[in-house]
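Close look at the chain arrangement
Now for the letters of each chain:
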2 protein chains.
Amino acid sequence: MTLACDTGLRAAADAIAELMHRHGAQTRYGKDEEIFAQEDPADSVRLVISGAVRTTRLLGDGRRQVGAFYFPGELLLETGSVHRFSAEALCDATLLTVRASAIQATAGDRQLDRAIWEATRRELERTQDHVLTLGRKTACERVASFLIGLAQRGGADRVSMPMSRQDVADYLGLTIETVSRMLTQLQSASVVEFDGYRNFTVKRWDALENLAA
Amino acid sequence: MTLACDTGLRAAADAIAELMHRHGAQTRYGKDEEIFAQEDPADSVRLVISGAVRTTRLLGDGRRQVGAFYFPGELLLETGSVHRFSAEALCDATLLTVRASAIQATAGDRQLDRAIWEATRRELERTQDHVLTLGRKTACERVASFLIGLAQRGGADRVSMPMSRQDVADYLGLTIETVSRMLTQLQSASVVEFDGYRNFTVKRWDALENLAA
DNA sequence: CGCTGGATTGAGTCCGGTCAAGCCTTGTGG
DNA sequence: CCACAAGGCTTGACCGGACTCAATCCAGCG
């Protein structure tokens, strides 16, 4: 578990994927099915195989904040002993779950430590970016940043957006109406083009990146 | 070093404090002096001895987001190879700095790994709370949450608030005017009482916690 | 087809931002 | 020790971006 330096990172990622496939149990979840709940004991690491997942927290009066979205190949891990978020499947999804005890049983494997460390580090960096977005960006900039994030992770030209407008709103600290208006606006400006509610293509990358600030 | 109460955690915290005192170089920084800059190589871990520190990020057009504040006993570590934030002293401050290479030289010390891991875990959790605050809380709730955080870390009855209104605003995603109005409001409601700009006492804890949501 | 629930669109409101004085501490120099 | 300057903080008036409420649209599905 070392701070800097990227050598061996790929190997670490492979190590955990391999370990998870060896020790993990594969589970299918239906749309909106709960994967774990807030306050549940956090004793597992999960790898998304297919589909997508959101993590959420609730405020006493029902206000909801989406913490993050997870796509295939990404690790869903909570670092404490109790879940601070709940997690639900955005759409039908398959996850590979490994109990922390199984991981500890292989303790001494530095590559594994390394992989979990790297996942946590990435999570922290993503969360820090999220703070900047929520703290200092306008509605339009938030939506643009969000679309960029999706498009970058998607890889393909036509980007799939499996979450609802409500999920996007709760992720960006906005309302569904505002999200909808901004998407319409971006489309009118020919920056992106939607086909259906859940798929879009980036038409003008430079414009989108400018709008994201 | 005030990490939680887990077994061995205290020991881990002590381990890093001890290591830092053994290998670290103590440096003094004046008010607003830069400790490290965004984009600088991140090759050190720092322990705050006295004073306080803020980390900040800038958007292209000058909008500023404060990532976090660090007080004595807290570790200031950036997990990647390059700083994603800059750090400045809030007031005159003393820090103990250890190069990552010195830490790697003692690799094999699991307690040390553990301490850095715990610090990162805490950082992630604090950042996640920050996201909830920025995404879903009102101005008043944000300020109340912030005061609670300060008061809890301070310990004493009379809480010191070493950062400026601008720092608070940039931390909470508000303007100095709004922060000021909320503080006035909380004081009018006898929830807190300020003496001077930089010190306050919590008068009604229950009310403050209610207001923080 | 018609139903249903999510998404869009519109009108009006309000919270927090902006702009502009004015105040208060703190610090400096006489 | 006081006077004064300067910068940070507060307060007020006004504005505007995002929220609220409500009507309508439309894609997906039975």
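Bear in mind the structure is a predicted one, so any value in this text is a computation, not a measurement.

1. Brief notes about the confidence of the model for chain A
The predicted structure's coordinates, where accompanied by low pLDDT, should not be read in detail. The share of residues in chain A with pLDDT of 70 or more is 88%, and the mean pLDDT across the chain is 89. Across residues 1-8 of chain A, confidence stays below pLDDT 50; counting only partners more than four residues off in sequence or on other chains, it has 20 contacts.

2. Focus on the domain arrangement of chain A
Residues and elements named next belong to chain A. Taken domain by domain, chain A consists of domain 1 (7-122) and domain 2 (137-212). On the side of domain 2, 9 residues touch domain 1, which itself brings 12 residues to the contact. Regarding the contact of domain 1 and domain 2, the summed buried area is about 960 Å², with carbon and sulfur atoms giving 54% of it. Among the residues domain 1 hides against domain 2, the three largest losses belong to Arg-64, Phe-69 and Phe-71. Together they make up 52% of the total. Our enumeration of links across domain 1 and domain 2 arrives at 4 salt bridges. Linking Asp-167 and Arg-64 is a salt bridge whose minimum nitrogen-to-oxygen distance equals 2.7 Å. Along the contact surface separating domain 1 from domain 2 lie 8 residue pairs in polar contact (both at pLDDT 80 or more). A per-element tally of the side of domain 1 that touches domain 2 places strand 5 (residues 64-70) first, with 6 residues. Classifying every residue of the side of domain 1 that touches domain 2 by side-chain character gives 7 nonpolar, 2 polar and 3 charged.

3. Section: the relation of the copies chain A and chain B
With an axial shift of 0.0 Å and an RMSD of 0.0 Å, the rotation relating chain A to chain B amounts to 180°. Those values place the two copies in the arrangement expected of a two-fold rotation axis. The fraction of interface residues of chain A whose copies in chain B are also interface residues reaches 88%, indicating that both copies meet through the same surface.

4. Here we look at helix 7 (residues 205-212) of chain A
Residues and elements named next belong to chain A. The set of residues buried in helix 7 consists of Ala-207, Leu-208 and Ala-212. Each buried residue of helix 7 sits inside an arc of 135° when the element is viewed along its axis, so together they form one side. Elements that come into contact with the buried residues of helix 7 comprise helix 4 (139-154), strand 10 (192-194) and strand 11 (199-202). Positive phi shows up at Ala-213, right after helix 7, with a value of about 65°.

5. Side note on the sheet that holds strand 3 (residues 44-50) of chain B
Residues and elements named next belong to chain B. Pairing is antiparallel across the open sheet formed by 4 strands, whose spatial order is 1-8-3-6. Of all strands in the sheet, those bounded by a partner on one side alone are strand 1 (25-29) and strand 6 (75-77). For this sheet the average axis-to-axis angle between neighbouring strands, irrespective of direction, equals 30°.

6. Quick notes on the pattern of salt bridges
Within this structure, the stated rule accounts for 34 salt bridges over all chains. Here Arg54(A) and Glu88(A) are joined by a salt bridge, their closest N and O atoms 2.7 Å apart. Here the residue Arg54(A) occupies a position in strand 4 (residues 53-58), and Glu88(A) occupies one in strand 7 (residues 86-89), the gap between them amounting to 34 residues. Note on accessibility: Arg54(A) and Glu88(A) belong to one class, buried. Of the charged contacts, one joins Glu123(B) and Arg126(B) as a salt bridge, the two residues approaching to 3.9 Å between their closest N and O atoms. One end of the pair, Glu123(B), and the other, Arg126(B), are both in helix 3 (residues 110-136), 3 residues apart, so they sit about a helical turn from each other. Residue classification places Arg126(B) among the partly exposed residues on the basis of a relative accessible area of 28%. Residues joined by salt bridges that share partners form a network here, namely Asp32(A), Arg54(A), Arg64(A), Glu88(A), Asp167(A), Asp170(A) and Arg136(B).

7. Describing the protein's contact with DNA strand C
In the vicinity of DNA strand C, 17 residues are found, and the nearest of them are Ser180(A), Thr184(A), Ala139(B), Thr178(B) and Arg181(B). Among all atoms of DNA strand C positioned within 4 Å of the protein, those belonging to sugar or phosphate total 67%. At 2.9 Å, a side-chain N or O of Arg165(A) approaches a phosphate oxygen of DNA strand C. Within the side chain of Arg181(A), a nitrogen or oxygen atom sits 2.9 Å from a base nitrogen of DNA strand C. Of all the elements in the fold, those that place two or more residues in the surface near DNA strand C are helix 6 (176-188) of chain A together with helix 6 (176-188) of chain B. When residues in the surface near DNA strand C are grouped by element, the largest group, 4 residues, is from helix 6 of chain A. By residue class, the composition of the surface near DNA strand C is 4 nonpolar, 7 polar and 6 charged.

Reading the values: rules and limits
Residues numbered from 1 in each chain as written. Chains lettered and ligands numbered in written order. Predicted model: local features only at pLDDT ≥ 70, side-chain atom pairs only at ≥ 80, totals over all residues. Heavy atoms only, no water. pLDDT = per-residue confidence, 0-100. Contact = heavy atoms within 4.5 Å. Domains from an automatic or database assignment. Buried area = accessible area lost by both parts, 1.4 Å probe. Salt bridge = Lys/Arg side-chain N within 4 Å of Asp/Glu carboxyl O. Polar contact = N/O pair within 3.5 Å; in protein donor to acceptor, adjacent residues only side chain to side chain. Helix = DSSP H or I, 4+ residues; strand = E, 2+ residues; numbered from the N terminus. Nonpolar A, V, L, I, M, F, W, Y, C, P; charged D, E, K, R; others polar. Least-squares fit on C-alpha atoms with pLDDT ≥ 70 in both. Buried < 20%, exposed > 50% of the residue type's maximum accessible area, 1.4 Å probe, protein only. Arc of directions from axis to C-beta. Pairing = 2+ DSSP bridges. Axes fitted to C-alpha atoms, helices over the stretch in contact; angles between N-to-C directions. Near = heavy atom within 4 Å.

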